[in-house]
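Secondary and tertiary structure notes
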Number of protein chains: 2
Amino acid sequence: MKKQRQNILIGQSGGPTAVINQSLWGLVSTLHGERAVRHLLGARRGVEGLLAGDLVDLRATGRRRWKAVAATPGAALGSVRKKPDAAECAQLLERLDELEVRHFVYIGGNDSAETASIIGGLARAQGRELSVWHVPKTIDNDLRVTDHCPGYGSAARFVACAFLGDEEDNRSLGGVKINVLMGRDAGWLTAASVLARTRKDSAPHLVYAPERVFDVAAFLGDVDAVVKRIGRCVVAVSEGVRDASGAPIGATGEKDSHGNLQLSGSGHLGDFLASAVKSRLGIKRVRADTFGYLQRSFAGCVSTVDAEEAFAAGAFAAKAMLKGREVGGSVVLEREARKRYRSRCRLVEVSKLAKATRPLDERFLAKGPDIARSFVDWAMPLVGDLPQVETLELERWSPRPRARGRGRARAGLC
Amino acid sequence: MKKQRQNILIGQSGGPTAVINQSLWGLVSTLHGERAVRHLLGARRGVEGLLAGDLVDLRATGRRRWKAVAATPGAALGSVRKKPDAAECAQLLERLDELEVRHFVYIGGNDSAETASIIGGLARAQGRELSVWHVPKTIDNDLRVTDHCPGYGSAARFVACAFLGDEEDNRSLGGVKINVLMGRDAGWLTAASVLARTRKDSAPHLVYAPERVFDVAAFLGDVDAVVKRIGRCVVAVSEGVRDASGAPIGATGEKDSHGNLQLSGSGHLGDFLASAVKSRLGIKRVRADTFGYLQRSFAGCVSTVDAEEAFAAGAFAAKAMLKGREVGGSVVLEREARKRYRSRCRLVEVSKLAKATRPLDERFLAKGPDIARSFVDWAMPLVGDLPQVETLELERWSPRPRARGRGRARAGLC
C-alpha cells in the first residue's frame, strides 16, 4: 500500500450492538490521517448502500464527533439484514471495481462474513486486486474461531445488571419471574444471567439454554421444586428453546390475535410459560419479561473491555491493510494464557467465520437447567465489574425474654 | 422524645424502586446512634411481617453494609401488596402497642399511605400514643401533593436510556418499534421517553399516555404518517391505554392460550399493536418491547438526585421524630423556585397522599400523541445527565465529477 493511494470502503451489517461503532472508529482513526488512503468511504446500510451508491466520506467529520459516535450504540452507518445472492455479489464486486476500492471491510456477524467471503472469492477468481476484511460483531457471541465476539460483553453486562436487580425485586415480593433472553440458537447471552449470582440462592435459579431440549413438564417440575425450597424463583430462558421435535415452545397451534406465529420481538414465549406456571402450579404471582432489543441498544451500559476490544479489532484490520502483507481476513480475538485477562487480535480466513454459528460450549452447560461455574470465570472479564448489591440478612428479632437481656448486656458494654 | 427511650418500627410496602432502600437508610442512619431510640425495628414484608411478628433489629448491621444496601434496588426488608382491612388495621395497632412502638414508619405509595392513615386515625381515636409516618416511593410518580416522588427519577432514567439506544437501533435497521411502559393510570413514565430526544426527528416519534383515549385506528394513522415522513417510527405507549369505553386496548375478547386476560407483566399490548401495524399497514419490520420490571429494578441505572432525595426524605422523617414537635405525617418534596434545581422536604397529613393518585399533569400533555416541551425542563433535573449519543450526519458522497474537484481544492489548502 506504499506506492499508490488507495480507496477503502467500510460497511456495517446485521443487528447492531452497543460497540459496533467502536470497531468503525478503530478503522477510521487508524486510516484517517494516512496519505496512502485516497478515499475513506462508508456504505450506508451495508451492501444495500454499496449497490445503491449511497456512500459517505468518513473523513468529513472531526475527531471529537467521531469519539462520541464510537460511544453510541447502534450502527452509525446504518445496517442491513440483506444476504446478497451470487448475482448480487457479482454486482457488488462491479461496484467496488468502479469505485476503485482496494480494501472492502464488512463489520458484522456470520452472514456478513459469508457475504465478504463470497465477494473475496469472486475477486480472486477474476484476478481483481481487492482485499476483503471482516470485523466481527454480535451480541449473541455465536461466531466460530474467535474466543468471543465484540458486542457480546456489553449485552452480557446488560443481562447481568438486569438479573442483579431482578433478584432484589423478586426477593422483595416473591413469586415466579421468567426472563426471556436473546440468542435463538446459542445460549451465550442466556448464560450471562448467572454472572448476577452474588450469594447462595440468588437468581437465576433456573437457566434454559437453547442447546438443550426444553420440556414444559420438566420446566414446571423445576420451578415447583425451587419454589418449594426457597419460596420464589427467577428463571432465565433463551427465546430459542425448542422441544424434542425441534418445535419452538408454546408455538404449536398457538397464534396471536392476527394469526401470526412470532417468537422473537414478541412476548409470546414469556407469556406462554407464565401462563403455564400460573395455571398448572397454581402460583399466583407470576411475571414474565422479554428483554428484547434493550439487550443490544441500552445507552450507558457498555463493558469497557468490550468497547476496547471492538475498537482494537477495527484498528487491527486497518493496520494490517496499511502494512500490506495480508490479502484480507477476519479479525478474531485470542485470550492470552495469563492470570490477568488480556486478549490479542489475529487474522484468519474470512470463510472460517462464515455461515455456521457456534453454540454455547458444551463445557459451560451444567447437567440440569443451569450453567457451569467455569463460565463465570470465562465471561466475567468481558463484562467488567458489576454494580454492588447487598442484602440485610438479619435474624428475626423478638421482644422478650432473650432480646431484652441481650440489649441490656450490650448497653453495659458501651 | 427526650425523656423516655422509644421504639421505632419501619416497613416497606408496594412495588420496589431503585432507591427505596435509600429512604430506609436515611431513616436508619439518622436514628442508629440516638440513645433516645430504644429499639429500631424493621418489619419484614411490611404489615405482613408486623402481623406475623417477623421483625428484625435494624441496628444489627454495620454502616458499611448499610451503605451498600442503600445503593441496591429492591426492598431490603421485603415488601407486600397487602391492603389491610379495618379489622386488620386494628390488629396492627394492637401489635404496635404490644411492641411499645412510639413511631411507625411506612415507606410506600398511596396504598401504603392509606394503611398508615387508617392506623394513625385508629390510634388517635383510642387515645394511644403512636405517631405514624409515611415516606413516599413509587416509580409511577402518581402521588398527590409531592412535586415528584422518590423512585421516579431512576425509573425515568432507565426509560430515557432505553429510548436513547433504541433510537439508534431503529435508525440502523428501520421499521416500526413499539415500546410499552409502566404506569397503568399515570403517564409520567411514558412521558419520560421524550427525555431521550436529542435532535429533530429522534425517538420517540409518538407518545401515548393513559390520560388520553387510545384509538387503534388513529394510532395506525399516526404511525403511517411518521413512516411516510421519515421512513421509520419509534412509539412510546403506556401499558394502561384504554379505548373510549374504558376497555384496555387489545383486550376485548382476546385472551392468552390459557384463557387469561392479562396486560401488566405480559407482552400482550405490545404484541397486539405490532400485529396491527404489520397486518393493517403492511410494514414488514415491526417489533415491540415491553420494558416491564427492568424499569424499577435494573442495577446500575440510578439517578443521583433521586437517590439523594430518597435518602433525604427518610432522614427528614427521622429528624422530625427526634425533634418531637410533629405527630407524624407524610414527607413530600417541594421544588425550590430557583434557576438551579433544588428540592426540600416538608410534612403534610398522611391522608393527603392516601387513596387517590395523580395523573400526568394536563399541562404536560401535548395536543396530539406527544408530550409538551415543558415536561423536559421539569423532569430532566430528576433524571440527571444522560449518556451522550452522536450520529454521523454526512452528505452523500459521489466519485465524480464534483467530489474529486472538492477533494483537490481541500488538498490544496493543507
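Note that the structure is predicted; figures quoted are calculated from it, not measured. (Residues numbered from 1 in each chain as written. Chains lettered and ligands numbered in written order. Predicted model: local features only at pLDDT ≥ 70, side-chain atom pairs only at ≥ 80, totals over all residues. Heavy atoms only, no water.)

On the side of chain B, 93 residues touch chain A, which itself brings 93 residues to the contact. Summing both partners gives a buried area of about 7100 Å² for chain A against chain B, and 55% of it is carried by carbon and sulfur. The largest per-residue losses of area from chain A upon contact with chain B belong to Leu392(A), Leu394(A) and Trp397(A), which jointly make up 11% of the total buried on that side. For the pair chain A and chain B, the interface holds eight salt bridges. The interface formed by chain A and chain B contains 25 residue pairs in polar contact (both at pLDDT 80 or more). Among the elements that line the side of chain A that touches chain B, the one with the most residues is helix 6 (residues 152–173) of chain A, at ten residues. Residues of the side of chain A that touches chain B, tallied by class, amount to 38 nonpolar, 27 polar and 28 charged. With two bridges joining them, strand 3 (residues 55–57) of chain A and strand 12 (residues 396–397) of chain B adopt antiparallel strand pairing. What sits directly across from Leu55(A), in strand 12 of chain B, is Trp397(B). (Contact = heavy atoms within 4.5 Å. Buried area = accessible area lost by both parts, 1.4 Å probe. Salt bridge = Lys/Arg side-chain N within 4 Å of Asp/Glu carboxyl O. Polar contact = N/O pair within 3.5 Å; in protein donor to acceptor, adjacent residues only side chain to side chain. Helix = DSSP H or I, 4+ residues; strand = E, 2+ residues; numbered from the N terminus. Nonpolar A, V, L, I, M, F, W, Y, C, P; charged D, E, K, R; others polar. Pairing = 2+ DSSP bridges.)

This part covers the relation of the copies chain A and chain B. Screw-axis analysis of chain A against chain B gives a translation of 0.0 Å along the axis, an RMSD of 0.0 Å, and a rotation angle of 180 degrees. Here the two chains are linked by the operation of a two-fold rotation axis. Scanning chain A for the C-alpha nearest the rotation axis identifies Gly267(A), at a separation of 2.1 Å. (Least-squares fit on C-alpha atoms with pLDDT ≥ 70 in both.)

Take the domain arrangement of chain A next. Residue and element names in this part refer to chain A. The assigned domain composition of chain A is domain 1 (6–151 + 301–353) and domain 2 (155–299 + 361–383). The distance between the C-alpha centroids of domain 1 and domain 2 comes to 33 Å. Each partner contributes residues to the interface: domain 1 has 20 residues there, and domain 2 has 18 residues. Summed over both partners, the interface of domain 1 with domain 2 buries about 1500 Å², with 60% contributed by carbon and sulfur atoms. Inspection of the region where domain 1 meets domain 2 yields zero salt bridges. Counting every contact that joins domain 1 to domain 2 gives five residue pairs in polar contact (both at pLDDT 80 or more). By residue class, the composition of the side of domain 1 that touches domain 2 is eight nonpolar, six polar and six charged. (Domains from an automatic or database assignment.)

Right, let's talk about the nonpolar core for a bit. One finds Phe375(A) and Phe375(B) to be the most contacted residues of the largest nonpolar core, which totals 88 residues. Elements that contribute at least two residues to this core include exactly helix 6, helix 7 (188–191), strand 8 (232–238) and helix 12 (373–383) of chain A together with helix 6 (152–173), helix 7 (188–191), strand 8 (232–238) and helix 12 (373–383) of chain B. For Phe375(A), the contacting residues outside a window of four places in its chain are Tyr152(A), Trp188(A), Ala191(A), Ala192(A), Val194(A), Leu195(A), Leu360(A) and Phe364(A). Counting residues in each nonpolar core, the second largest holds 33 residues, with Ile8(B), Val69(B), Ala70(B) and Trp133(B) among its members. (Core = buried A, V, L, I, M, F, W, Y, C linked by side-chain atoms within 4.5 Å. Buried < 20%, exposed > 50% of the residue type's maximum accessible area, 1.4 Å probe, protein only.)

With an omega of -5 degrees, the peptide bond running from Ala203(A) to Pro204(A) counts as cis. Here Pro204(A) is to be found in the loop between helix 7 and strand 7 (206–208). Positioned with a positive phi, Asn141(B) is a non-glycine residue whose angle comes to about 60 degrees. In this fold, Asn141(B) is placed in the loop between strand 5 (131–136) and helix 6. We classify Asn141(B) as buried; its relative accessible area is 1%.

The next thing to look at is the environment of Arg124(B). Residues and elements named next belong to chain B. Residue position: arginine 124 is located in helix 5 (residues 110–125). For arginine 124, a relative accessible area of 64% translates into the label exposed. On a C-alpha basis, the gap between arginine 124 and leucine 31 in space is 24 Å, while along the polypeptide they are 93 residues apart.

The next subject is the pattern of salt bridges. Close approach of charged atoms allows side chains with opposite charge to pair. Residue and element names in this part refer to chain B. Within this structure, the stated rule accounts for 72 salt bridges over all chains. Across the pair arginine 171 and glutamate 168 runs a salt bridge whose closest N-O atoms are separated by 4.0 Å. Placement of the pair is arginine 171 and glutamate 168 together in helix 6, with a separation of three residues, close to one helical turn. In this structure, the salt-bridge partner of arginine 344 is glutamate 334, at a minimum N-O distance of 3.3 Å. In this pair, arginine 344 is assigned in strand 11 (residues 343–348) and glutamate 334 in strand 10 (residues 328–335), connecting sequence segments ten residues apart. Judged by its relative accessible area of 46%, arginine 344 falls in the partly exposed class.

Here we take up the sheet that holds strand 3 (residues 55–57) of chain B. Taken in spatial order, the eight strands line up as 12(A)-3(B)-2(B)-1(B)-4(B)-5(B)-10(B)-11(B) in an open sheet, and their pairing is mixed. Each of the sheet's edge strands pairs with one partner strand only, and the pair in question is strand 12 (396–397) of chain A together with strand 11 of chain B. Two elements, strand 1 (residues 6–12) of chain B and strand 2 (residues 37–43) of chain B, share five bridges in a ladder whose sense is parallel. Residue pairing in the sheet places Gln6(B) in a bridge with Val37(B) of strand 2 of chain B. Lying over the sheet, helix 5 of chain B contacts strand 4 (101–108) and strand 5 of chain B, oriented at roughly 160 degrees with respect to strand 4 of chain B. (Axes fitted to C-alpha atoms, helices over the stretch in contact; angles between N-to-C directions.)

Residue and element names in this part refer to chain B. Here helix 6 spans 31 Å end to end across 22 residues, near enough to the 32 Å set by a 1.5 Å rise per residue. Counting buried positions over the 22 residues of helix 6 gives 21, a clear majority of the element. Just downstream of helix 6, glycine 174 is the residue with a positive phi angle, here 75 degrees. (Expected span 1.5 Å × (residues − 1).)

Moving on: the environment of Ala310(B). Residue and element names in this part refer to chain B. Following the sequence through the fold, alanine 310 ends up in helix 11 (residues 304–323). Taking the relative accessible area as the measure of exposure, alanine 310 reaches 0% and is therefore buried. Considered as a pair, alanine 310 and tyrosine 341 are 31 residues apart in the sequence and their alpha carbons are 16 Å apart. Those residues within four positions of alanine 310 in sequence are excluded, and the remaining contacts are Val19, Gln22, Ser23 and Pro150.

Quick look at the packing of helix 1 (residues 20–31) of chain B against helix 3 (residues 63–70) of chain B now. Residues and elements named next belong to chain B. Helix 3 packs onto helix 1 with a crossing angle of 150 degrees between their chain directions and a minimal axis gap of 8 Å. One element, helix 1, and the other, helix 3, form an angle in the roughly antiparallel class. Packed against helix 1, whose contacting residues are Asn21, Gln22, Leu24, Trp25 and Val28, the element helix 3 presents Arg63, Trp66, Lys67, Val69 and Ala70 at the interface. Taken together, the residues of the contact of helix 1 with helix 3 sort by class into six nonpolar, two polar and two charged. (Parallel < 35°, antiparallel > 145°, perpendicular 65-115°, else oblique.)

Glancing now at the side chain of Ser202(B). Residues and elements named next belong to chain B. Looking at where serine 202 falls in the secondary structure, it is placed in the loop between helix 7 and strand 7 (206–208). Residue class for serine 202 comes out buried when judged on its relative accessible area of 4%. In contact with serine 202, not counting residues within four places along its chain, are Glu167, Ala196 and Arg197.

A word on the packing of helix 1 (residues 20–31) of chain A against helix 11 (residues 304–323) of chain A. All names here are of chain A. Put simply, helix 1 and helix 11 touch, their axes get as near as 7 Å, and they point 40 degrees apart. Once helix 1 is placed against helix 11, the crossing between them reads as right-handed. Taken together, the residues of helix 11 that come into contact with helix 1 (itself represented by Gln22, Ser23, Trp25, Gly26, Leu27, Ser29, Thr30 and Leu31) are Ala307, Ala310, Phe311, Gly314, Ala315, Ala317, Ala318, Lys319, Met321 and Leu322. Residues of the contact of helix 1 with helix 11, tallied by class, amount to eleven nonpolar, six polar and one charged. (Left-handed = near helix turned anticlockwise from the far one by under 90°.)

Let's shift gears to the sheet that holds strand 2 (residues 37–43) of chain A. In space, the eight strands of this open sheet follow the order 11(A)-10(A)-5(A)-4(A)-1(A)-2(A)-3(A)-12(B), with mixed pairing throughout. The open sheet has two edge strands, strand 11 (343–348) of chain A together with strand 12 of chain B, and neither has a second partner. Strand contacts of helix 5 (residues 110–125) of chain A: strand 4 (101–108) and strand 5 (131–136) of chain A, with the helix running at about 160 degrees to strand 4 of chain A, the strand carrying the most contacts.

As a further point, take the pairing of strand 6 (residues 175–181) of chain A. All names here are of chain A. The buried fraction of strand 6 is high, at seven of seven residues. Alternating positions in strand 6 separate into two faces, Gly175, Lys177, Asn179 and Leu181 on one and Val176, Ile178 and Val180 on the other, with burial throughout. Across seven bridges, the pairing between strand 6 and strand 8 is parallel. Among the inter-strand pairings, lysine 177 is bridged to a residue of strand 8, identified as valine 234. Pairing of strand 6 with strand 9 (residues 286–290) involves five bridges; the strand directions are parallel. Residue pairing in the sheet places lysine 177 in a bridge with arginine 287 of strand 9.

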